[in-house]
Amino acid sequence: MSITQVGVIGAGTMGNGIAQACAVSGIKVVMVDISDAAVQKGVATVSGSLDRLIKKEKLTAEAKAAAMALIQGSTDYADLVGCQLVIEAATENEGLKVKILQQLDTLLPADTIVATNTSSISITKLAAVTKRADRFIGMHFFNPVPMMALVEIIRGLQTSDATHDAIKALAVALGKTPITVKNAPGFVVNRVLIPMINEAFFVLAEGTASAEDIDAGMKLGCNQPIGPLALADMIGLDVCLAVMDVYMKEFNDSKYRPCPLLKEMVAAGWLGRKTGRGVYVY
């Protein structure tokens, strides 16, 4: 299947990033959100992001104009009918995602592929609530989408080879490097990353080293571009805790026990950059 038009549900951070990646690659995008304000904010974010690339001489003004012309903002799901692929990039809430997917089923042609950008919810479980389980797949982009090369392609139990191959080809067309992952809690990257962050909180709580020294050690000793505690602040401590809770529930293994300090900081409302305070003060 040749994918020439992509629908994106959600104009927030992930949604507008996906829209930008598609448009810059010459693919028409319909970006849908619940209000005109949300849609316009998403479009403006893409425009600002492209302006920064122009200032860095990584993009021309003509290329920006061409990309922006390919993005259609909308609040009407009916505008998605002409898309060969629709990517759901709404808030990480299972109930909301199920509602969106079932609504898409009533509108989209039977051969349209639907993907979800979830970072933790079971692809097999979400596929089961649709009428196109064989044409349903996980397509997990990483933030910031325009800059991050990786896309995790997650196959549910029901995902067909044709669907997988079409999504893999699209990821490559977007200039991304895809990896194929079986459905499992956290998939690959977050399965490794979030427990590492959780362990960094244990080290901090035990007083083994300061936050600054833990992060410096991992940056200089493991060649990581950002330390795990600073990264937790960027991701959101509440998000890290929620993922650890999922692992604990799904695997029933004590190695996934959330660090008490992480839980305490979330309870205090110290969620990281978005609240001005997490492990560090911003």
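In this text, all values refer to a predicted model and were calculated from it rather than measured experimentally.

Reading the values: rules and limits
- Residues numbered from 1 in each chain as written.
- Predicted model: local features only at pLDDT ≥ 70, side-chain atom pairs only at ≥ 80, totals over all residues.
- Heavy atoms only, no water.
- Domains from an automatic or database assignment.
- UniProt positions renumbered as here; feature names shortened; annotations may be inferred.
- 1 Å grid on protein atoms, 1.4 Å probe; cavity = no way out; pocket = protein on both sides within 12 Å on 5 of 7 lines; lining within 4 Å.
- Helix = DSSP H or I, 4+ residues; strand = E, 2+ residues; numbered from the N terminus.
- Buried < 20%, exposed > 50% of the residue type's maximum accessible area, 1.4 Å probe, protein only.
- Contact = heavy atoms within 4.5 Å.
- Core = buried A, V, L, I, M, F, W, Y, C linked by side-chain atoms within 4.5 Å.
- Pairing = 2+ DSSP bridges.
- Axes fitted to C-alpha atoms, helices over the stretch in contact; angles between N-to-C directions.
- Parallel < 35°, antiparallel > 145°, perpendicular 65-115°, else oblique.
- Left-handed = near helix turned anticlockwise from the far one by under 90°.
- Nonpolar A, V, L, I, M, F, W, Y, C, P; charged D, E, K, R; others polar.
- Phe/Tyr/Trp six-rings, centres within 6.5 Å; stacked < 30°, edge-to-face > 60°.
- Lys NZ or Arg CZ within 6 Å of the ring centre and 35° of its normal.
- Polar contact = N/O pair within 3.5 Å; in protein donor to acceptor, adjacent residues only side chain to side chain.
- Points joined across faces, edges and corners; volume = space filled by probe spheres on them.

This brings us to the domain arrangement of the protein chain. Looking at the assigned domains, one finds that the protein chain contains domain 1 (5-182) and domain 2 (191-275). When each unit is reduced to the centre of its C-alpha atoms, the spacing between domain 1 and domain 2 is 28 Å.

Next up on the list: the UniProt feature "binding site: CoA" (unreviewed entry) in the protein chain. The UniProt record marks Ser-49, Lys-56 and Ser-119 with the feature "binding site: CoA" (unreviewed entry), using the residue numbering of this structure. Their sequence span is 71 residues, while the largest C-alpha to C-alpha distance among them is 30.7 Å; these annotated residues do not converge on one region. Residues from the annotated list that form part of the lining of the second largest pocket: Ser-49 and Lys-56. Mapped onto the secondary structure, Ser-49 falls in helix 2 (residues 36-55). For Ser-49, a relative accessible area of 14% gives the class buried.

The next subject is the UniProt feature "binding site: NAD(+)" (unreviewed entry) in the protein chain. As recorded in UniProt, the feature "binding site: NAD(+)" (unreviewed entry) lies at Gly-10, Ala-11, Gly-12, Thr-13, Met-14, Gly-15, Asp-33, Glu-92, Lys-97, Ser-119, Asn-143 and Lys-274. The greatest C-alpha distance among the residues just named is 23.5 Å, and with 265 residues of sequence between them they are spread in space as well. Checking the annotated residues one by one, the ones that line the second largest pocket turn out to be Ala-11, Gly-12, Thr-13 and Asn-143. Turning to its location among the elements, Gly-15 is positioned in helix 1 (residues 13-24). Those residues in contact with Gly-15 that sit more than four places away from it in its chain are Val-8, Gly-10, Met-31 and Ala-89. By secondary structure assignment, the location of Asn-143 is in the loop between strand 6 (136-141) and strand 7 (150-155). Not counting chain neighbours up to four residues away, the residues in contact with Asn-143 comprise Thr-13, Met-14 and Met-148.

With 38 residues, the main nonpolar core has Val-6, Leu-85, Met-139 and Phe-141 as its most contacted residues. Setting aside its immediate chain neighbours within four residues, Leu-85 contacts Ile-3, Gln-5, Val-6, Gly-7, Thr-112, Ile-113, Val-114, Ala-115, Ile-167 and Leu-170. Formed by 25 residues, the second largest nonpolar core is a distinct cluster that contains Ile-197, Tyr-247, Val-279 and Tyr-280.

Reading across from one edge, 3-2-1-4-5-6-7-8 is the order of the eight strands in this open sheet, with mixed pairing throughout. This sheet does not close on itself; its edge strands, each paired only once, are strand 3 (71-74) and strand 8 (177-182). Recorded for the sheet is a direction-independent mean angle of 25° between the axes of neighbouring strands. Both strand 4 (residues 85-88) and strand 5 (residues 113-116) contribute to a ladder of four bridges, which runs parallel. Directly across from Glu-88, in strand 5, lies its bridge partner Thr-116. In the packing of helix 4 (residues 94-107) onto the sheet, contacts are made with strand 1 (5-9), strand 4, strand 5 and strand 6, and the angle to strand 4 comes to roughly 165°.

Contact pair helix 7 (residues 189-205) / helix 8 (residues 211-222): the axes reach a minimum separation of 10 Å and the direction vectors enclose 140°. Taken together, the axis directions place helix 7 and helix 8 in an arrangement best described as oblique. Crossing geometry of helix 7 relative to helix 8 is assigned as right-handed. Counted together, Met-196, Ala-200, Val-203 and Leu-204 of helix 7 and Ala-211, Ile-214 and Met-218 of helix 8 form the full contact between these two elements. Counted by class, the contact of helix 7 with helix 8 contains seven nonpolar, no polar and no charged residues.

What follows deals with the packing of aromatic side chains. According to the stated counting rule, one finds three aromatic pairs in the structure shown. Positioned above the aromatic ring of Trp-270, the side-chain terminus of Arg-277 is 3.6 Å from the ring centre.

Turning our attention to the side chain of Thr-118. Topologically, Thr-118 is positioned in the loop between strand 5 and helix 5 (123-128). In this structure Thr-118 comes out as buried when scored by relative accessible area, which is 0%. A polar contact is formed between the side chain of Thr-118 and the side chain of Glu-92, at a distance of 2.7 Å. Within the local environment of Thr-118, its side chain forms a polar contact with the backbone nitrogen of Ser-120, the two atoms lying 3.2 Å apart. The residues touching Thr-118, leaving out its near neighbours within four places in the chain, are Glu-92, Lys-97, Ile-123, Leu-126, His-140 and Phe-187.

On to the layout of surface pockets, then. Any empty space left between atoms is shown by rolling a water-sized probe over those atoms. Here the second largest pocket defines a volume of roughly 350 Å³. Among the secondary structure elements, those contributing two or more residues to the lining of the second largest pocket are helix 1 and helix 2. With six residues, the top contributor of residues to the lining of the second largest pocket is helix 2.

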